[in-house]
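# Report on the structure
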Amino acid sequence: MIKKRIYLSAPHMSGNEINYINEAFETNWIAPLGPNVDAFEKEITNYVGVSEAVAVSSGTAAIHLALSLLDVKKGDNVFCSTLTFIASANPIIYQGAEPVFIDSERDTWNMSPQALERALKNAAKKGKLPKAVIVVNLYGQSAKMDEITSLCNQYNVPIIEDAAESLGSTYKGKASGTFGKFGVYSFNGNKIITTSGGGMLISDDTEVLNKARFLATQAKNPAPHYEHSETGFNYRLSNVLAGIGRGQLEVLEERVQTRRLIFEKYYQELSHIPGFQFMPELENTRSNRWLTALTVDETITGISVTSLLENFAAENIEARPVWKPLHLQPVFKGTQYYPHCENNSISEQLFTSGICLPSGSNMTEVEQLRIISCFKESLKLMV
Ligand SMILES: *Cc1c(COP(=O)(O)O)cnc(C)c1O
């Protein structure tokens, strides 16, 4: 008999979403604007502590809007973390600009300030500073924002914080996503909270975010007819989906607690085994632990990530490798890349040795035990 599938990160409704959706139906607000959209934006600004938020159709759309607002265009460079989902970088291509990929460091698995510094120095020397730096907070762990912010300020380059995976995380007590000129959240189906699909662009610059709203609704100039002086997008979030978001936001804090407990359980059961190293949590940060990730040193454990993944697949458990670095993706062949230090590419090591374990907040204790025993069985450590 095939065992029930355990997903990496499945949607987890609170139950209250349906009330907001019903309200949208009852008032016939079935549109990419309406009271749920306005309220969801307000609730996000209150939760993370920023001035303004614009609800959009995806995290990718939010990054694209941020780049448009920073006037990124053909011939420009944009720096971006290499160890991430491709959605972090695709909008650079939409704008006709070129990405330059920056490696990770070991403490957070995120953008290496050391590599960033070399890249900025080099860019300044060539007289071609990037138009923006896209910093990703992987699996919920915040990057070293103090170091990165100070470098970017030194060169006067704006930061877009891709916090698609880190809503609910904090860095030195401040919400993840609030450190750059722009912050981006995603509510895709696998994220810590979801609207099935959706995203949010945040900033303390109210004026610029009003412009984002304008661009996201086809850039309609005020006129009785349809008047356009710029190219816009159709990027707003549906009022129905914003209703899901409102119900989800009510339980975000609970979801973070649950994912952290899931991490703790894995850690208790597996961290003592030599050769396995869990993704660290930087001091003075709180990760939402969106996904529990760890590295496998095959020379010590005797088992490869590939075999582990095969064993999980045979048990109908969805585990995944760590993101493949973007500078290694065929679509970005030939793109500039700055490793952590010359001849030491941390992201490549994390990719070949890393694995993400199922971490959904609605996973049962029994299911997690199934994963842990599959893991131990793979190592022949079962007693
Ligand atoms: C999910 C994700 C995105 C894209 O969000 P969508 O809402 O799916 O467009 C961007 N960056 C990272 C790091 C992500 O994990």
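Here the structure is shown first, and the text comes after it.
Residues numbered from 1 in each chain as written. Predicted model: local features only at pLDDT ≥ 70, side-chain atom pairs only at ≥ 80, totals over all residues. Heavy atoms only, no water.

### What to know about the pattern of salt bridges
The condition that has to hold: Think of a salt bridge as a Lys or Arg side-chain nitrogen and an Asp or Glu carboxyl oxygen that are within 4 Å of each other. Under the scheme used here, helices are H or I runs from DSSP no shorter than 4 residues and strands are E runs no shorter than 2 residues, and both carry numbers assigned from the N terminus. Accessibility here uses a 1.4 Å probe with only protein chains present; expressed as a share of the type maximum, an area under 20% marks a residue as buried, one over 50% as exposed, and anything in between as partly exposed.
Within the structure shown, the criterion is met by 19 salt bridges. Between Asp107 and Lys144 there is a salt bridge, and its shortest N-O distance comes to 2.6 Å. Of this pair, Asp107 sits in the loop between strand E3 (98-102) and helix H5 (113-125) while Lys144 is found in the loop between strand E4 (132-136) and helix H6 (145-154), placing the two residues 37 residues apart along the sequence. Residue class for Asp107 comes out partly exposed when judged on its relative accessible area of 39%. The class for Lys144 is buried, based on a relative accessible area of 14%. Bridged by salt links that share partners, the residues Glu41, Glu52, Arg213 and Arg236 form one connected network.

### Let's talk about the sheet that holds strand E15 (residues 354-357)
Applied cut-off: By the convention used here, strands pair only if DSSP detects at least 2 bridges between them. We call two residues in contact whenever any of their non-hydrogen atoms come within 4.5 Å of each other. Axes, fitted as lines to C-alpha atoms, cover a helix only where it is in contact. Angles between the N-to-C directions of the axes lie from 0 to 180 degrees.
Pairing within the open sheet is antiparallel, and its 4 strands lie in the order E10-E12-E15-E13. Strands at the two margins of the open sheet, each flanked by one partner only, are strand E10 (276-278) and strand E13 (320-321). Bridge count between E13 and E15: 2 bridges; the pairing is antiparallel. Bridge pairing links Arg320 to Cys356 in E15. Contacts from helix H9 (residues 252-270) reach E10, strand E12 (292-296) and E15 within the one sheet, and its direction differs from that of E10 by about 155 degrees.

### Let's talk about empty space enclosed by the protein
Take a probe with the size of a water molecule and roll it over the atoms, and the empty space left behind shows itself. Stated formally: A 1.4 Å probe that fits but cannot get out identifies a cavity on a 1 Å grid over protein atoms alone, an open set with protein on both sides within 12 Å along at least five of seven lines counts as a pocket, and a residue lines either if it has an atom within 4 Å of a point. Grid points are joined across faces, edges and corners, and a volume is the space filled by probe spheres set on the points. Only Asp, Glu, Lys and Arg are considered charged, only Ala, Val, Leu, Ile, Met, Phe, Trp, Tyr, Cys and Pro nonpolar, and every remaining residue, Gly among them, polar. Each domain span listed reflects an automatic or database assignment of domains.
Across all of its chains, the model carries 1 cavity of 30 Å³ or more by this definition. Lining of the largest cavity is provided by Ala10, Pro11, His12, Lys191, Ile192, Ile193, Thr194, Gln248, Arg255, Arg259 and Ser361. Looking at side-chain class alone, the lining of the largest cavity contains 4 nonpolar, 4 polar and 3 charged residues. Residues lining the lining of the largest cavity come from more than one domain, with at least three contributed by each of domain 1 (17-249) and domain 2 (252-382).

### Section: unusual backbone geometry
With phi around 60 degrees, Asn28 is a residue other than glycine that occupies positive phi space. Here Asn28 is to be found in the loop between helix H1 (17-26) and helix H2 (35-48).

### What about helix H8 (residues 239-249)?
This is how it is decided: Any pair of N or O atoms that falls within 3.5 Å is considered a polar contact. Within protein, one atom must be able to donate a hydrogen and the other to accept it, and sequence-neighbouring residues count only if both atoms are side-chain atoms.
With 10 of 11 residues buried, H8 is to be regarded as a mostly interior element. All of the buried residues in H8 are Asn239, Val240, Ala242, Gly243, Ile244, Gly245, Arg246, Gly247, Gln248 and Leu249. Buried residues along H8 sit in contact with H1, H2 and H9. The N-cap residue of H8 is Ser238: its side-chain oxygen and the backbone nitrogen of Val240 are 3.0 Å apart.

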